[in-house]
Amino acid sequence: MPDIHKITLLALLTAAAVAGRLMIHGFNAQPATLIIILTGWFFGWKMGCAEGMLTALVSDLFLGFGYWTPFHLAAWGLIGLLSAWLPKKHWIYFLWLILSGFLFGLIMALSYFAFSASLLTVISLWISGLWFDSFHAAGNLIFGLFSPLLFRIFRREAEKIKAGESGRYPGR
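K.L.:
Run through the packing of aromatic side chains, naming residues and quoting values.
P.N.:
A complete count under the given rule lists 11 aromatic pairs for this structure. Between the aromatic rings of Tyr67 and Phe115, the centroid separation amounts to 4.8 Å while the plane-to-plane angle is 85°, which identifies the pairing as edge-to-face. Placement of Tyr67 in the loop between α3 (45-63) and α4 (69-84) and of Phe115 in the loop between α5 (90-109) and α6 (119-128) is noted, with a sequence separation of 48 residues between them. Accessibility expressed as a relative area gives 61% for Phe115, which makes it exposed. An aromatic cluster of three or more residues is present, and its members are Trp41, Phe42, Phe43, Tyr93, Phe94, Phe151 and Phe154.

Shown next, in the form of structure tokens:
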């Protein structure tokens, strides 16, 4: 039977990520990527990937579906998945906050193949969007400054899940 605590936590984190994305939509700097990274970092690759994909899917319900939706799913899903495998060092975490903004942009640039079969065109469009991707990376870093508070919350929830899986959690 699926763990109700994990499902509830995933739903709450998705709601927070989607609300953050919708609240600041248009600037390409939103807390969604940070929440996805922290989910993967603390709860593992399955929850990280699910968080990324659910955030993309639910936020696109509000913002609109299009040719980009599968690329949103892939980009944020991959970021959540990779976040679980990062060494637990703060400097790597902050570097990943920056790199994930550019990784997201690179994956989204692959959607340009829907309009052009020319690799040169796709590369030039990706390069022209690097400025926009830098806002995503900077936003991730700025939101990452709130990480000490978020680390405590995420760590506490991860400990509850771990205790529940071992049978020590009284709610189980």
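K.L.:
Please provide a residue-by-residue account of the packing of helix α2 (residues 32-43) against α4, values included.
P.N.:
Relative orientation of the contacting elements α2 and α4 amounts to 40°, with a least axis distance of 6 Å. Judged by the angle between their axes, α2 and α4 are oblique. Seen from above, α2 lies across α4 with right-handed handedness. Counted together, Ala32, Thr33, Ile36, Ile37, Gly40 and Trp41 of α2 and Trp76, Ile79, Gly80, Ser83 and Ala84 of α4 form the full contact between these two elements. Its residues placed into classes, the contact of α2 with α4 shows 7 nonpolar, 4 polar and no charged.

K.L.:
I'd like a rundown of the pattern of salt bridges, residues and numbers included.
P.N.:
Counted according to the given criterion, the structure contains 2 salt bridges. A salt bridge links Arg21 to Asp60, with the nearest nitrogen and oxygen atoms 3.4 Å apart. Of this pair, Arg21 sits in helix α1 (residues 4-23) while Asp60 sits in helix α3, placing them 39 residues apart in sequence. Overall, the relative accessible area of 8% leaves Arg21 in the buried class. A salt bridge links Glu157 to Lys160; its shortest N-O distance comes to 3.3 Å. Here Lys160 and Glu157 lie together in helix α8 (residues 147-165), a separation of 3 residues that amounts to about one turn.

K.L.:
Can you break down the packing of α2 against α5 residue by residue, with the values?
P.N.:
Helix-helix packing is described using two parameters, namely the angle between the two axes and the distance between the axes. One can describe the packing of α2 onto α5 by two numbers: an axis separation of 11 Å at closest approach and a directional angle of 130°. As judged from the angle between their axes, α2 and α5 are oblique. Viewed along their axes, α2 and α5 form a crossing whose handedness is right-handed. Every residue of α5 that contacts α2 at Thr33, Leu34, Ile37, Leu38 and Trp41 is listed here: Tyr93, Trp96, Leu97 and Ser100. Classifying every residue of the contact of α2 with α5 by side-chain character gives 7 nonpolar, 2 polar and no charged.

Cut-offs used in this document
- Residues numbered from 1 in each chain as written.
- Predicted model: local features only at pLDDT ≥ 70, side-chain atom pairs only at ≥ 80, totals over all residues.
- Heavy atoms only, no water.
- Phe/Tyr/Trp six-rings, centres within 6.5 Å; stacked < 30°, edge-to-face > 60°.
- Helix = DSSP H or I, 4+ residues; strand = E, 2+ residues; numbered from the N terminus.
- Buried < 20%, exposed > 50% of the residue type's maximum accessible area, 1.4 Å probe, protein only.
- Axes fitted to C-alpha atoms, helices over the stretch in contact; angles between N-to-C directions.
- Parallel < 35°, antiparallel > 145°, perpendicular 65-115°, else oblique.
- Left-handed = near helix turned anticlockwise from the far one by under 90°.
- Contact = heavy atoms within 4.5 Å.
- Nonpolar A, V, L, I, M, F, W, Y, C, P; charged D, E, K, R; others polar.
- Salt bridge = Lys/Arg side-chain N within 4 Å of Asp/Glu carboxyl O.

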